[in-house]
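A closer look at the structure
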Amino acid sequence: MKPAPFAYHRPGSLAEAFDLLDRYGSDGRILAGGQSLVPVLNMRLATPTALIDINRLPGLDGIGLGPEGLVIGALCRHAAVEGSPLVARHAPLLAQAMPHVGHLAIRTRGTVGGSIALADPAAELPACLVALDATVRASRRGGARDIPAARFFRGIYTTALEPGEVVTAAVIPPIAPGWRSRFDELVRRAGDYALVGLAAHGRVADGALAELRLVFTGVGPTPMRAAGAEAALAGRRPDPQALAAAGRALDADLDPPGDVHASAALRRHLARVLLARVLTRMTEN
Amino acid sequence: MDLTVEIALTVNGAAVRRRVEPRQNLVDFLRQELELTGSHVGCEHGACGACTVRMDGSLVRGCLVLAVQADGARVETIEGVTATGEIADLQDAFARENAVQCGFCASGMLLTSHEILRRNPRAGETEIREGLSGNYCRCTGYHAIVEAVRKVGAARPGGQS
Ligand SMILES: Cc1cc2nc3c(=O)[nH]c(=O)nc-3n(C[C@H](O)[C@H](O)[C@H](O)COP(=O)(O)OP(=O)(O)OC[C@H]3O[C@@H](n4cnc5c(N)ncnc54)[C@H](O)[C@@H]3O)c2cc1C
Ligand code: FES
Ligand code: FES
């Protein structure tokens, strides 16, 4: 199908974007990479009166290092994050996760801000941001605020963003020496949304895990922090006993959906498999 | 109310200026306004890859970019890369290996295969299959396509024999 008609605006500044957001209210939609919004328009699942194309807003497509950590602009394409030496060095979890986002021709257009604002429950980036204790930076007329990723993702396609707010960046705090991270996911076919994905980040000393953050994607309405499994692994190496205990704890941590892609029981099983795989790799030398 | 917007872009090296409706996708613009019908329209939601074109040097889904967003961009289609000869070896190999049947997927397959080999001249079967996972072919069963790409990769400079 073809989209219903809409007006097109391409603001040259954030101030102009705020004006347009005010003017159209809930009838206007921000267009970033378009890799999620345009399919919805093509199928007429959404019929906004106007699109506000933020692709040419200046200053939002950079990746920079500052005292607060790594700042990734909202308009950075997934492919740019994937190929960034700064990201590989200062947020290796993201460098590992990005190749799993869709296909190359999706990653050349899809943006960091779009993935954050969309909050797809099977997306990679939100889980990574929670695991890294990152913050989402959002602006609206009159000010900006930083929202911890752990509080930003509220439900399926639901975030803490308020009307009129634009995501401008993700901020990843500096990673202390001794910390490691690992991302992996299980899919039926490369490029699909994850059946189950896991972003793991923590301190590794003599092969044992500490301050571990395990954040799953695809197995609940939001990125799912597996607190029970984290506790079961605290201070331990990921040996078969520890992994078995953590796997049992996962059952209470996760609330996987069953759908055409996989039953809830299969997702639970895959989550255990992935947990063992990711932690083994994370603690390898 | 007239919602149309004027855009100016370069398509296969030629300057183009048109008024378009904002809701027109890039691939429809190429096919309907410019009669470049080598790019195809399958699913219209990013899944099949039939609409793949290059914009400012990057592969994109022509059904997920609006024509207005290509304002100022450099767009290349299968017609353009055929004319420059840059994928002639892939085209020959697709014909030789029987990697084209109905041809609906072919332009997207060829552009994507070229990009896979450009990024990784040593791509083997696994990398080729992963790289093509977003391009559907309803005829060949993929095997002939993967073989064609593998052979071209091996034959190109930097490839693995
Ligand atoms: C075939 C296919 C496979 C895919 N596979 C995956 C996958 O495996 N994993 C994955 O994570 N994603 C996947 N995606 C989605 C892709 O990553 C999208 O790019 C991403 O989810 C949205 O980013 P976007 O820039 O394209 O946003 P858009 O589509 O432009 O926008 C998405 C939503 O966010 C809003 N928005 C965008 N930017 C901002 C902003 N800065 N501030 C506030 N609101 C904003 C828009 O108004 C819209 O509601 C896939 C897409 C396709 C078509
Ligand atoms: S028509 Fe664009 S991906 Fe199918
Ligand atoms: S040859 Fe028919 S779809 Fe590929």
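Since the model is a prediction, treat every value here as computed from it, not as a measurement.

Conventions we followed
Residues numbered from 1 in each chain as written. Chains lettered and ligands numbered in written order. Predicted model: local features only at pLDDT ≥ 70, side-chain atom pairs only at ≥ 80, totals over all residues. Heavy atoms only, no water. Helix = DSSP H or I, 4+ residues; strand = E, 2+ residues; numbered from the N terminus. Buried < 20%, exposed > 50% of the residue type's maximum accessible area, 1.4 Å probe, protein only. Arc of directions from axis to C-beta. Salt bridge = Lys/Arg side-chain N within 4 Å of Asp/Glu carboxyl O. Near = heavy atom within 4 Å. Polar contact = N/O pair within 3.5 Å; in protein donor to acceptor, adjacent residues only side chain to side chain. Areas by Shrake-Rupley, 256 points an atom, 1.4 Å probe, with all protein chains shown as cover. Nonpolar A, V, L, I, M, F, W, Y, C, P; charged D, E, K, R; others polar. Domains from an automatic or database assignment. Contact = heavy atoms within 4.5 Å.

Our next topic: unusual backbone geometry. The residue Asp 206 of chain A is not glycine, and still its phi comes out positive at about 50°. Among the secondary structure elements, Asp 206 of chain A is positioned in the loop between β12 (196-205) and β13 (208-217). According to the relative accessible area criterion, Asp 206 of chain A is exposed, its value standing at 70%. With a phi angle near 45°, Asp 56 of chain B is a residue other than glycine that sits in the positive phi range. Structurally, the position occupied by Asp 56 of chain B is in the loop between β3 (52-55) and β4 (58-61).

Residues and elements named next belong to chain B. Among the residues of helix α3 (residues 88-96), those classed as buried are Leu 90, Ala 93 and Phe 94. End-on view of α3: buried residues confined to an arc of 100°, all on one side of the axis. Exposed side of α3, more than 90 degrees from the buried face: Ala 95 and Arg 96 are the residues found there. Remark: Asn 98 follows α3 within two positions and exhibits a positive phi of approximately 60°.

Let us now look at the pattern of salt bridges. Residue and element names in this part refer to chain B. Summed over the entire model, instances satisfying the criterion amount to 29 salt bridges over all chains. The closest approach of N and O atoms between Arg 74 and Glu 76, which form a salt bridge, is 3.6 Å. With relative accessibility at 18%, the residue Glu 76 sits in the buried group. Residues joined by salt bridges that share partners form a network here, namely Arg 54, Arg 74, Glu 76 and Glu 86.

Moving on, we get to the site of ligand 1. The immediate surroundings of ligand 1 are formed by 33 residues, with Ile 30, Gly 34, Leu 37, Thr 111 and Glu 124 of chain A found nearest. The environment of ligand 1 is shared, with nearby residues belonging to chains A and B. Between Ile 30 of chain A and ligand 1, the recorded distance is 2.6 Å, taken from a backbone N or O atom to an oxygen atom. Within the contact set of ligand 1, an oxygen atom lies 2.6 Å away from a side-chain nitrogen or oxygen of Thr 111 of chain A. For ligand 1, whose free accessible area comes to 970 Å², the fraction covered by protein is 93%. Examining the composition of the shell around ligand 1, we find that 5 residues originate from one element, helix α7 (residues 112-118) of chain A, more than from any other. Tallied by class, the residues present in the shell around ligand 1 amount to 15 nonpolar, 15 polar and 3 charged.

Residue and element names in this part refer to chain B. The domain architecture assigned to chain B consists of domain 1 (5-81) and domain 2 (87-155). Taking only C-alpha atoms, the centre of domain 1 and the centre of domain 2 are 22 Å apart. Listed by partner, the interface residues are 16 residues for domain 1 and 14 residues for domain 2. Linking domain 1 to domain 2 there are 0 salt bridges. Only β3, β4 and α2 (78-84) provide two or more residues apiece to the side of domain 1 that touches domain 2. Sort the elements by how many residues they give to the side of domain 1 that touches domain 2 and β3 lands first, with 3 residues.

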